[in-house]
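This is what each chain is made of:
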Amino acid sequence: MSESHSNFLEIMKVDNTSKEDDEEHPPDSGVPARVDKNLRRSTSPSRHSPSSPRNSSGTGRPIRFSHGSGKHVSSTSLLNGWLSGLLFDPRRTSRGKRKAWYKKKVTIGLALFIGVFFLINWLMLSSIQDSGRSRGGIKFRFLKANSSTVSIREELQKLGRGKKPRKTIYARLLAKAAHALAEGQNKREPKDLWMEPYTRASSWTPCAHMRDGEPNEGKNGYIMVTANGGINQQRVAVCNAVAVARLLNATLVLPKFMYSTVWTDTSQFDDIYQEEHFINYLKPDIRIVKELPKELQSLDLEAIGSVVTDVDVVKEAKPSFYLKHILPILHLNRVVHFVGFGNRLASDPVPFHLQRLRCRCNFHALKFVPKIQEAGALLIQRMRQNDTGLGHLDHYLVGPFAKSEVKGQKDRAAKKSRYLALHLRFEIDMVAHSLCEYGGGEEERRELEAYREIHFPALMELKKMKKLPSPAELRSDGLCPLMPEETVLMLAALGFHRKSHIFLAGAHIYGGKSRLAALTTLFPNLVTKENLLSPTEIQPFANFSSQLAALDFIVCTAADIFAMTDSGSQFSSLVAGYRIYYGGGRMPTIRPNKRRLSDIFVKNNTIEWKVFEQRVRKAVRQNKRVFSRPVGRSVYRYPRCSACMCNMEEFLQG
């Protein structure tokens, strides 16, 4: 047995004491063990020979008699001798031989059947380790030491040094998933797995590029923005700032990005987005300059009260707030500097033209710089196994680096080169902030509590002042991010083949390599950008987390299907929204309803795999319904609204 297979069995070990296992492997039937033992003893030539004295009187009384040595035989020995005599009675020899022959054949047959059964299962489970093969010119290999996934060989080496594998409450289901994947490798995937299930999705088309207003002259002053957070929060802040500048008839200074000790990235706007395209594309809407006029650069903005932080602006502030509180500062000082600006503009109520401007900024004005586009195009190409077909979103994402389509190859290539992109939102910040538990016991609780003390002091104060829901209650309400084990179970239940090509976005998964062992074992063709790019190709992005995240954004958005594990993630929301806007109803996204899935996962010790499959598929399909943007929800995530997209069904009916 291979090392990788041994480790898989160790990780996926099933509790054999369960009722189901007892039914699948019932105890041997037949003669009680004690009698069977005596039978074996009585038929042993070393103890009794056919010439041994036998009692044939049939009286049934205990009889004492002696061998040639003069020693007496006890009643127990007598019983054994009687049984021996019975087996070797000449009158019963023929029938006894037939019974012995039949018993021997049955035993051998059962042994062969059990042996073949376990051999087949071992071969199927071993085949799951089949990684590192070359297909279509690209080699899928396990990740490096600083990456998100691991090889089972490395895990075995750790086990050899005494490190125990991480326990999981889903061992039984994972074993069943592994068996289902091995059995299903020659079966077809569900026909609608890679498709948008509802045709209504194709009736929505982009229309945020349409303009019907006069340009903003920016006469009321200048707005500066230093956006905090990662690339996704910064992207939202930029588009919200564009809308606020239009609202206040102000000139927008090219946004800057705040350095964060969490993200440790010094990238600025022009390191990620095309500056000139941004300025020129929005010129009909607002005036944008690269820096303040010289006469304003010398001002002490904090001293004159022009610095506005997130403490000064309520979250999801309405447009009326800016007109009442910010516009007077502009009139007085000619400049306002927003610091942070995270989610500081409400989704509703917002005037139609401002809502459309936000969509125009996000989906049209923000284009990645050529360096990022080129690397992104390379990643897409390698995920598609060097296929020359052009994806639906390639042109919008990577511009001139989109691979040209070769005539006649599109349909044929699409069947063999598609890939799934997965955003596994399971970093330590998310895990700690959720207040959930993930099977790590007391050690995990202490580690996450220490992290909260440093990074989430307000949350710790809230815990001291108020009784918060228990981890079990949070999980049942769907408020915990999916664990990697739950994610792999979801993908297996949906019907993805174990050979499916999967791109994993993100990094620094909490729990490290051992936490991802189930995912990388059951789906060996799982890679990240660190796998697909050579050290030389990825070097320009090293130590720039926002630029690396931009690469993830491109590959996830261009994927044939995108799966998120936390619907509240800003990254997943932006990717899903982009796919809706440009996808034409052909870019499905898996948005798991964690509350429904929680009801399913809680039965992990008893539920049968077929039932598990049916319930997971139903829960995921229900979340693929096509609907217009709900009031109060982000246009970046739900662009199906009249301000951003046009509904052709409504147009034809009207």
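You'll find the structure just up there.
Predicted model only: the values in this text are computed from it and were never measured.

Each value, and the rule that gives it
Residues numbered from 1 in each chain as written. Predicted model: local features only at pLDDT ≥ 70, side-chain atom pairs only at ≥ 80, totals over all residues. Heavy atoms only, no water. Helix = DSSP H or I, 4+ residues; strand = E, 2+ residues; numbered from the N terminus. Buried < 20%, exposed > 50% of the residue type's maximum accessible area, 1.4 Å probe, protein only. Contact = heavy atoms within 4.5 Å. Areas by Shrake-Rupley, 256 points an atom, 1.4 Å probe, with all protein chains shown as cover. Polar contact = N/O pair within 3.5 Å; in protein donor to acceptor, adjacent residues only side chain to side chain. Pairing = 2+ DSSP bridges. Axes fitted to C-alpha atoms, helices over the stretch in contact; angles between N-to-C directions. Parallel < 35°, antiparallel > 145°, perpendicular 65-115°, else oblique. Left-handed = near helix turned anticlockwise from the far one by under 90°. Nonpolar A, V, L, I, M, F, W, Y, C, P; charged D, E, K, R; others polar. Disulfide = S-S within 2.5 Å. Salt bridge = Lys/Arg side-chain N within 4 Å of Asp/Glu carboxyl O. Core = buried A, V, L, I, M, F, W, Y, C linked by side-chain atoms within 4.5 Å. Expected span 1.5 Å × (residues − 1). Arc of directions from axis to C-beta.

Scanning the protein chain from terminus to terminus reveals 30 helices and 15 strands. The buried share of the protein chain, reckoned over its 654 residues, is 48%. Taking the intrachain contacts of the protein chain between residues at least 6 apart in sequence as the baseline, contacts between residues at least 24 apart amount to 80%. For the protein chain, the exposed area adds up to about 33,600 Å²; of that, 55% sits on carbon and sulfur atoms.

Moving on to the environment of serine 598. By secondary structure assignment, the location of serine 598 is in helix 28 (residues 594-601). A C-alpha to C-alpha distance of 10.0 Å links serine 598 and leucine 474, two positions 124 residues apart in sequence. When sequence neighbours within four positions are dropped, the list of residues in contact with serine 598 reads Arg475 and Ser476. In terms of polar contacts, serine 598 uses its side chain to reach the backbone carbonyl oxygen of arginine 475, at 2.9 Å.

Consecutive residues of a regular strand have side chains that alternate between opposite faces of the sheet. On strand 11 (residues 502-505), burial covers both faces: Ile502 and Leu504 on one face and Phe503 and Ala505 on the other are all buried. Here strand 10 (residues 420-423) runs beside strand 11; their pairing, made up of four bridges, is parallel. Its bridge partner lying in strand 11, histidine 423 is registered against alanine 505. Where strand 11 and strand 12 (residues 526-527) come together, two bridges link them in parallel fashion. The partner of phenylalanine 503 across the bridge, within strand 12, is valine 527.

Time to look at the packing of helix 26 (residues 545-558) against helix 27 (residues 570-583). Between helix 26 and helix 27, whose axes approach to 9 Å, the crossing angle comes to 40 degrees. Compared by their axis directions, helix 26 and helix 27 come out oblique. The handedness of the crossing between helix 26 and helix 27 is right-handed. In this structure, helix 26 contributes Ala549, Asp552, Phe553, Cys556, Thr557 and Ala558 to the contact, and helix 27 contributes Phe571, Leu574, Val575, Tyr578 and Arg579. Residues belonging to the contact of helix 26 with helix 27 are distributed by class as follows: eight nonpolar, one polar and two charged.

Our next topic: the state of the cysteines. When the sulfur atoms of two cysteines share a covalent bond, that bond is a disulfide. All chains considered together, the criterion is met by two disulfides. Here the cysteine-cysteine linkages of the protein chain are recorded as 1-4, 2-3, numbering only bonded cysteines and doing so in sequence order. Residue cysteine 641 stays outside any disulfide, its sulfur separated by 3.8 Å from that of cysteine 644, the closest cysteine.

Strand-to-strand pairing in sheets goes through backbone hydrogen bonds, with the strands running parallel or antiparallel. Taking strand neighbours across the sheet as the criterion, the five strands line up as 12-11-10-13-14 in an open arrangement whose pairing is parallel. Each having just a single partner strand, strand 12 and strand 14 (589-590) make up the two edges of the open sheet. Note that strand 10 and strand 13 (residues 561-564) share four bridges and pair parallel. In the strand pairing of strand 13, histidine 423 is matched with methionine 564.

What follows covers the pattern of salt bridges. Applying the stated criterion to the full structure yields 24 salt bridges. Connected through shared salt-bridge partners, Arg211, Asp285 and Arg360 make up one network.

The next point concerns the nonpolar core. In this structure, Ile223, Phe278, Tyr322 and Phe338 are the most contacted members of the largest nonpolar core, which totals 97 residues. The dominant element in this core, judged by the number of residues it contributes, is helix 8 (residues 231-247), at 10 residues. In terms of nonpolar packing, the next biggest core, distinct from the first, is built from 55 residues, Tyr170, Leu173, Leu422 and Ala493 among them.

The end-to-end C-alpha separation of helix 29 (residues 609-622) is 20 Å, in line with the 20 Å expected for 14 residues at 1.5 Å each. Among all positions in helix 29, only Trp609, Phe612, Glu613, Val616, Ala619 and Val620 are buried. Down the axis of helix 29, the sector holding all buried residues measures 140 degrees, keeping them to one side. Exposed side of helix 29, more than 90 degrees from the buried face: Lys610, Gln614 and Lys618 are the residues found there. Of the surrounding secondary structure, the elements contacted by the buried residues of helix 29 are helix 7 (171-183), helix 21 (484-494), strand 14 and helix 28.

This next bit is on the packing of helix 8 against helix 13 (residues 352-365). Contact pair helix 8 / helix 13: the axes reach a minimum separation of 9 Å and the direction vectors enclose 140 degrees. With respect to each other, helix 8 and helix 13 are oriented oblique. As for the relative orientation of helix 8 and helix 13, their crossing is right-handed in sense. Residues Arg235, Val238, Cys239, Asn240, Val242, Ala243, Arg246 and Leu247 of helix 8 touch helix 13, and the partners they reach there are His353, Leu354, Leu357, Arg358, Cys361 and Asn362.

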